[in-house]
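Structure assessment
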Amino acid sequence: MSALSLAPRALYEEVAELLRQRIFARELEPGSWIDELRIAEALGISRTPLREALKVLAAEGLVTMKVRRGAYVTEVSEKDLRDVYHLLALLESDAARVVAQSASAEQMTQISGLHQDLENAIADRDRFFEINEAFHMLLLQLADNRWRDQMVADLRKVMKLNRHSSLFKEGRIEQSLAEHRAIVQALTARQPEMAAERMSAHFMNGLQAAQ
């Protein structure tokens, strides 16, 4: 890692984002101790912005602070995973309900277009992951509730700590695509409860695949 220069945003935010991406990439493994001195030296910064960055990551649930032992990358238990998926199912099914009720025709076209991109990415797992997340983010954006958005963002960060992404399971990408197809059908048919029900089932199936 090379030294960081001071960006317009606070340095600790820059450091937090760098560590966040290292955690998601498994360069910092779940359960591993975070060597503050080594990281600070590698980045060419003092330990003060690093500690502030770790506080941010701890608030997001990505890092666990242990008294007199330092910071560790959070390990996600099976209960943690169940709890996270349960809350995501509640929050995102509610967003789907709102979108089915209130999205404009133009917004529905945008949803359908993004889903078609997902259909076209079936053979490219990385691309499928990217569009899959973009689809969920689009529905949240259209549902327009910033408090829900913040909760979902934090929950999805914790979900990424899981060693076994639900989409890695054999056949799960095809199943997930079929579930997305059913969600889009309910959305475009303006069936709020059906859209919410299908979104909730989508997360419950994802949980089964992730365990």
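Residues numbered from 1 in each chain as written. Predicted model: local features only at pLDDT ≥ 70, side-chain atom pairs only at ≥ 80, totals over all residues. Heavy atoms only, no water.

1. Some words on the overall build of the protein
Secondary structure assignment for the protein yields nine helices and two strands. Listed N to C, the secondary structure of the protein is α-α-α-β-β-α-α-α-α-α-α in terms of helices and strands. By the burial criterion, 42% of the 211 residues in the protein qualify as buried. Residue pairs in contact within the protein that sit at least 24 positions apart in sequence constitute 72% of those at least 6 positions apart. As displayed, the protein offers around 11200 Å² of accessible surface, 50% of which is attributable to carbon and sulfur atoms. (Helix = DSSP H or I, 4+ residues; strand = E, 2+ residues; numbered from the N terminus. Buried < 20%, exposed > 50% of the residue type's maximum accessible area, 1.4 Å probe, protein only. Contact = heavy atoms within 4.5 Å. Areas by Shrake-Rupley, 256 points an atom, 1.4 Å probe, with all protein chains shown as cover.)

2. Description of the packing of aromatic side chains
What the rule picks out here adds up to one aromatic pair. Centre to centre, the rings of Tyr85 and Phe203 are 6.4 Å apart; their planes meet at 65°, and the pair counts as edge-to-face. Taken together, the residues Tyr85 in helix H4 (residues 78-102) and Phe203 in helix H9 (residues 192-210) connect sequence positions 118 residues apart. Classification of Phe203 as buried rests on a relative accessible area of 5%. Over the aromatic face of Phe24 sits the side chain of Lys160, whose NZ or CZ is 4.9 Å from the ring centroid. (Phe/Tyr/Trp six-rings, centres within 6.5 Å; stacked < 30°, edge-to-face > 60°. Lys NZ or Arg CZ within 6 Å of the ring centre and 35° of its normal.)

3. Some remarks on the domain arrangement of the protein
As assigned here, the protein comprises domain 1 (11-73) and domain 2 (78-210). Look at where the C-alpha atoms of domain 1 and domain 2 centre, and you get two points 29 Å apart. With 10 residues of domain 1 at the contact, the number on the domain 2 side is seven residues. In total, domain 1 and domain 2 occlude about 760 Å² of area from one another, counting both sides; carbon and sulfur atoms represent 56% of this. It is Phe24, Arg26 and Glu60 that lose the most area in domain 1 upon contact with domain 2, and together they represent 56% of the buried surface on that side. (Domains from an automatic or database assignment. Buried area = accessible area lost by both parts, 1.4 Å probe.)

4. Quick notes on the nonpolar core
The biggest cluster of nonpolar side chains holds 39 residues, and the ones touching the most others in it are Tyr85, Leu88, Val99, Ile111, Leu139 and Leu187. At the level of elements, H4, helix H5 (105-120), helix H6 (125-143), helix H7 (146-159), helix H8 (172-188) and H9 are the ones that each hand at least two residues to this core. In terms of residue count, the dominant contributor to this core is H4 (10 residues). Residue contacts for Leu139: discarding those within four places in its chain leaves Ala95, Val99, Ile111, Leu187 and Met199. (Core = buried A, V, L, I, M, F, W, Y, C linked by side-chain atoms within 4.5 Å.)

5. Remarks on the confidence of the model for the protein
In this model, the protein carries a mean pLDDT of 91, and residues with pLDDT of at least 70 account for 93%. Least confident of the elements in the protein is helix H1 (residues 11-24), whose mean pLDDT is 92; most confident is H5, at 97. (pLDDT = per-residue confidence, 0-100.)

6. Notes on unusual backbone geometry
With a phi close to 65°, Arg26 is a non-glycine residue in the positive phi region. One can find Arg26 in the loop between H1 and helix H2 (36-43). The partly exposed category is assigned to Arg26, whose relative accessible area is 21%. The phi dihedral of Asp144 is positive, around 55°, even though this residue is not glycine. Considering the arrangement of structural elements, one finds Asp144 in the loop between H6 and H7.

7. Remarks on the pairing of strand E1 (residues 63-66)
Taken together, the four bridges between E1 and strand E2 (residues 70-73) define a ladder with antiparallel strand orientation. Note on E2: the bridge partner recorded for Val63 is Val73. From the end of E1 to the start of E2, which pair antiparallel, there are three residues, and Arg68 there has a positive phi angle of about 60°. (Pairing = 2+ DSSP bridges.)

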